[in-house]
Amino acid sequence: MTLAIEALYRAHFQFVWRSLRRLGLRDSSVEDALQDVFLVAHRKLATFEGRASHRAWLFAIAIRVAAEHRRRDGRLILDPDASLSSAHPDSTFELRQRMQLLDRLLAGLSDEQRAVFVMAEIEQFSVPEIAEALGEKLNTVYSRLRLGRERFERALDRHRKQLGGSAP
Amino acid sequence: VKPLDEQARQLIAEVSAADSPPPELEAELWQRLSARLHAPLPPTAAAASQTSAAVSSVVLKVVVAVLAVGVLGAVVQRQRSTPSPEADLAPRAQVQAAPAQPPDPALLEETQLQPTTAVLSERAQQPPASALLEEAQLLGQAQRALSAGEPAHALTFIARHRARFPEGALVQEREAARVFALCATGEAAQAVAAQQAFLRTWPRSLLADRVRAACPKTPGATR
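Presented here is a report on the structure given in the accompanying data block. All values derive from a computational prediction rather than experimental measurement. (Residues numbered from 1 in each chain as written. Chains lettered and ligands numbered in written order. Predicted model: local features only at pLDDT ≥ 70, side-chain atom pairs only at ≥ 80, totals over all residues. Heavy atoms only, no water.)

Some points on the overall build of chain A
Put simply, the test is: The numbering of helices and of strands both runs from the N terminus, where a helix is a DSSP run of H or I of at least 4 residues and a strand a run of E of at least 2. Relative accessibility decides the category of a residue: with a 1.4 Å probe and only protein chains considered, values under 20% of the type maximum give buried, values over 50% give exposed, and everything between is partly exposed. Note on definitions: a residue-residue contact is assigned when non-hydrogen atoms from the two residues lie within 4.5 Å. Values of accessible area rely on a 1.4 Å probe in the Shrake-Rupley scheme; residue burial ignores everything except the protein chains shown.
The helix and strand tally for chain A stands at eight helices and zero strands. The proportion of buried residues among the 168 residues of chain A is 60%. For chain A, the proportion of contacts with a sequence separation of at least 24, taken over those separated by at least 6, is 68%. For chain A, the exposed surface amounts to about 6800 Å²; the carbon and sulfur share of it is 46%.

Considering helix α7 (residues 127-134) of chain A
All names here are of chain A. Our working rule: Arc definition: directions from the helix axis to the C-beta atoms.
For α7, the full list of buried residues reads V127, I130, A131, A133 and L134. The buried residues of α7 occupy an angular sector of 170 degrees when the element is viewed end-on, so they sit on one face. Check the buried side of α7 and you find it contacts α3 (54-73), α6 (111-122) and α8 (138-162). Within two residues after α7, G135 carries a phi angle of roughly 70 degrees, on the positive side.

Brief notes about the packing of aromatic side chains
Our working rule: Any Phe, Tyr or Trp ring, taking Trp's six-membered ring, that has another such ring centre within 6.5 Å forms a pair; planes under 30 degrees apart are called stacked, those over 60 apart edge-to-face, and the others tilted. The rule for a charge over a ring is simple: NZ of Lys or CZ of Arg within 6 Å of the ring centre, and within 35 degrees of the ring normal.
A full pass over the atoms with the stated rule returns eight aromatic pairs over all chains. For the ring pair A:Y9 and B:W30, a centre distance of 5.0 Å and an interplane angle of 45 degrees mean the geometry is tilted. Here the residue A:Y9 occupies a position in helix α1 (residues 2-22), and B:W30 occupies one in helix α2 (residues 25-37), the pair thus bridging two chains. Taken individually, A:Y9 and B:W30 each receive the classification buried, so the pair is uniform in this respect. Ring pairs connect the aromatic residues A:Y9, A:F13, A:F38 and B:W30, which therefore count as one cluster. Sitting over the face of the ring of A:F15, A:R55 holds its NZ or CZ atom 4.4 Å from the ring centroid.

Quick word on the nonpolar core
Worth spelling out the cut-off: For this analysis, a nonpolar core means a set of buried residues of the types Ala, Val, Leu, Ile, Met, Phe, Trp, Tyr and Cys, connected via side-chain atoms within 4.5 Å.
Residues A:L20, A:L34, A:L58 and A:F152 are the most contacted members of the largest nonpolar core, which totals 65 residues. The next biggest cluster of nonpolar side chains, apart from the first, holds 24 residues, and it includes B:F157, B:F165, B:V179 and B:L199.

Digging into a nonpolar patch on the surface
Cut-off, in case you're wondering: Here a patch means residues that are over 30% exposed by relative accessible area and free of salt bridges, tied together within 9 Å if like-charged and within 5 Å if nonpolar (Val, Leu, Ile, Met, Phe, Trp, Tyr). Any carboxyl oxygen of Asp or Glu that lies within 4 Å of a side-chain nitrogen of Lys or Arg is treated as forming a salt bridge with it.
A grouping of A:L138, A:Y142 and B:V1 is seen on the molecular surface, where their side chains present a nonpolar patch of about 260 Å² in accessible area. Residue position: A:L138 is located in helix α8. Among the residues examined, A:L138 registers a relative accessible area of 40% and is labelled partly exposed.

Comments concerning helix α1 (residues 6-18) of chain B
Residues and elements named next belong to chain B. Heads up, the condition is: One fewer than the residue count of a helix, multiplied by 1.5 Å, yields its expected span.
Here α1 contains 13 residues, and its C-alpha end-to-end distance of 19 Å stays within 8% of the 18 Å for a straight helix at 1.5 Å per residue. When α1 is considered as a whole, its buried residues turn out to be A8, L11, I12 and V15. Each buried residue of α1 lies within a common arc of 95 degrees when the element is viewed along its axis, so the set occupies one face.

Notes on the pattern of salt bridges
Residues and elements named next belong to chain A. With the rule as written, the count across this model stands at 23 salt bridges over all chains. Note that R70 and D111 form a salt bridge whose closest N and O atoms lie 3.5 Å from each other. One end of the pair, R70, is in helix α3; the other, D111, is in helix α6, and 41 residues separate them in sequence. In this structure R70 comes out as buried when scored by relative accessible area, which is 9%.

Structure (structure tokens):
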């Protein structure tokens, strides 16, 4: 089974890393959580039913792992300043500002809205896929997505107005 | 649902395109993960598993058979060595040892995860241990026959599984085993048909690569 989990890891490493960052983890927390995600996946592979894709299945695991890491750390790791410290060293200042902004906007969503929003808007999952992976009803997912989009857009508008339209 | 507005989509696209892990991180984290995958269970976890010995003994057999079929491709078709079965069995047995029971101590202890309703309902939906055990026994017999170089004998167990559990929990493993067995018997046409049917039905299966490589010299076996 190590062969199977290694194949899964190689295929989805970047996706899981990116997802954990968008779910609010940073630096060593991302690295620890990423291992936890694949550790749990390894143990649950035998019960993977193939109804959702591996990506969707891994994302559902990542949500729980990220929540646990946030709880364990005793703080919301969606700290706007954290993006700057862990951004890729080659990132330009402007890009790092954009990352900081995105993470601040995501931090303004509830955990449920954020999970659905990241899956739909960043990872491009369909709503039925999200519903299947999260074990939620379609209407629930649509509702969270709608509310998440509205809140995200409002916060982005506020940010732009505050900076007089010259913001990133 | 109204789609996200343009400026929001642009922000997401810019960050997503640029935010990637450092190149060396993938290999580095795999090494750390690999060490954890093969680490022995902590003592408390071992004790917890002893308390459910009756269930565990049944489940362990299931896991052995499932794993046996899972590595079938490697055993039959590959020279690549497989990891120590004990390393995989212990945590897997923990996961399956409590079909409808709350907190799995070993799982929680190592990953610090709380059980969620999703996990619990997933467990509750699993087929009864007796049916799963019977399925796994049949496929275990098939695997043993294959390992012993008796693919035709393996096919009889696979056919029996197919008749008894047409929609069983281990259908994917069975059909993969069938491809391996047919390849080993030299039934090229049947092997390719089974191989293609498998890849059509489960293109993203974790067994897909092994099935694809099962009959490397047969036409149509490549991606």
